[in-house]
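Chain by chain, the residues:
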Amino acid sequence: MNERTGFNERSGFSIPGIPLIFLFLALVLIGFGCYVSKAHGGPPWMVGLGVFIHVLSLWFLIGFFQVAPNQGQVLQLFGKYVGTVRHEGLRWTNPFYSRKRISLRVRNFESGKLKVNDSDGNPIEIATIVVWQVMDTAEAVFCVDNYENFVTIQSESALRQMAQSYPYDAHDDGKPSLRSHGDIINNHLRDEIQARLDRAGVQVMEARISHLAYAQEIAQAMLQRQQASAIVAARTRIVQGAVGIVAMALEKLRSQGVVDLDEERKAAMVSNLLVVLCGERGTQPVINTGTLYH
């Protein structure tokens, strides 16, 4: 028995129903035989016996039920759980048992778009798709009031909790973010949902983010910030490359003895090369007819 919930699934009593159909037909025929016997001069109690056999046949008929593939039938006897039947096909069980059909198929749903604050306090919109399956029918039926509604509400609660643990965009500290670390975020979300649904006998097979965006009220400002960050990153890469090219040019000139430059001429060359390499527009050549000092 599950120590946390007090329930766990066990196999319920049932037998194949096809052979019992012939027994049911035999009882019906015996009942009619009693009526016929009375009509041909048999003892009066034959009618009572026929009525009893037909009532018994109808009661016997209540015990038949069908189990479809990937489906379970939860059995109860006067409110007490007595087991679950997962065998497919036509089955028969105690007619006093009440039965509740539970789907064991894999199911999925998409949550609505939730507005939450990320770890930086920025309002964002987020939604998820959850793939789940009932694994323990006893817990699903008896430990929560409505397990389907329970899955939906707890999944959205877990999504809110997870979204508040990460920033929307990655920072320089290397911490995972909602936008750039999909596998880490999805695994965390699945674990958060599973922790809430264990008591309902449900297994979360997959959980992934289906929608992620800044809230409308800050979307334009965040877009401008992203564009500015992209420009700064591009400029940084350009400057790093330009400095490398200039250093390589100076080293080549020195090692091959092409020209001997003093520090002032090196500074002028570096300045000119950086302007050429880092400028946004094409450069215009200027012919110097004098010297650097005149």
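Residues numbered from 1 in each chain as written. Predicted model: local features only at pLDDT ≥ 70, side-chain atom pairs only at ≥ 80, totals over all residues. Heavy atoms only, no water.

In the Ramachandran plot, Asn 70 falls in the positive-phi region, its phi being about 55 degrees despite a non-glycine side chain. Structurally, Asn 70 is set in the loop between β2 (64–67) and β3 (71–77). Phi is positive for Phe 78, which is not a glycine, with a value near 55 degrees. With respect to the element layout, Phe 78 can be found in the loop between β3 and β4 (80–85). (Helix = DSSP H or I, 4+ residues; strand = E, 2+ residues; numbered from the N terminus.)

Now for the nonpolar core. A general trend in soluble globular proteins is that nonpolar side chains are found buried together. Trp 132, Val 134, Met 162 and Ile 193 are the most contacted members of the largest nonpolar core, which totals 35 residues. Contributions of two or more residues to this core are made by β8 (114–117), β9 (123–134), α3 (137–142), α4 (147–163), α5 (182–197) and β10 (202–214). Here this core takes 7 residues from α4, the largest share from any one element. Other than its neighbours up to four places away in sequence, Met 162 contacts Ile 126, Leu 178, Ile 185, His 188, Leu 189 and Ile 209. Core analysis: the next-biggest nonpolar cluster, separate from the first, contains 6 residues, Phe 65, Leu 75, Val 82 and Tyr 97 among them. (Core = buried A, V, L, I, M, F, W, Y, C linked by side-chain atoms within 4.5 Å. Buried < 20%, exposed > 50% of the residue type's maximum accessible area, 1.4 Å probe, protein only. Contact = heavy atoms within 4.5 Å.)

Time to look at the sheet that holds strand β1 (residues 15–16). Strand order across the open sheet formed by 3 strands is β1-β5-β2, with antiparallel pairing between neighbours. Sheet topology places β1 and β2 at the edges, where each strand pairs with a single neighbour. Judged from the 2 bridges that link them, β1 and strand β5 (residues 89–92) form a sheet pairing that is antiparallel. Paired with Pro 16 across the strands is Arg 91, a residue of β5. (Pairing = 2+ DSSP bridges.)

What follows deals with α5. Over its 16 residues, α5 extends 22 Å from the first C-alpha to the last, a length consistent with the 22 Å expected when each residue adds 1.5 Å. For α5, the full list of buried residues reads Ile 185, Asn 186, Leu 189, Glu 192, Ile 193, Gln 194 and Leu 197. (Expected span 1.5 Å × (residues − 1).)

Right, let's get into the confidence of the model for the chain. Model confidence for the chain is summarised by a mean pLDDT of 81, while 76% of its residues fall at 70 or above. Of all helices and strands in the chain, the one with the weakest mean pLDDT is helix α7 (residues 263–278) (68), whereas β3 scores best (95). (pLDDT = per-residue confidence, 0-100.)

Next up on the list: the pattern of salt bridges. Going through the model one piece at a time under the given rule, you end up with 6 salt bridges. The closest approach of N and O atoms between Glu 148 and Arg 107, which form a salt bridge, is 2.5 Å. Taken together, the residues span a long stretch of sequence, with Glu 148 in helix α4 and Arg 107 in strand β7 (residues 107–110) at a distance of 41 residues. Classification of Glu 148 by relative accessible area gives partly exposed; the value is 38%. Note on Arg 107: relative accessible area 18%, which makes it buried. Here Asp 169 makes a salt bridge to Arg 179, at a shortest N to O gap of 2.5 Å. In this pair, Asp 169 sits in the loop between α4 and α5 while Arg 179 sits in the loop between α4 and α5, placing the two residues 10 residues apart along the sequence. (Salt bridge = Lys/Arg side-chain N within 4 Å of Asp/Glu carboxyl O.)

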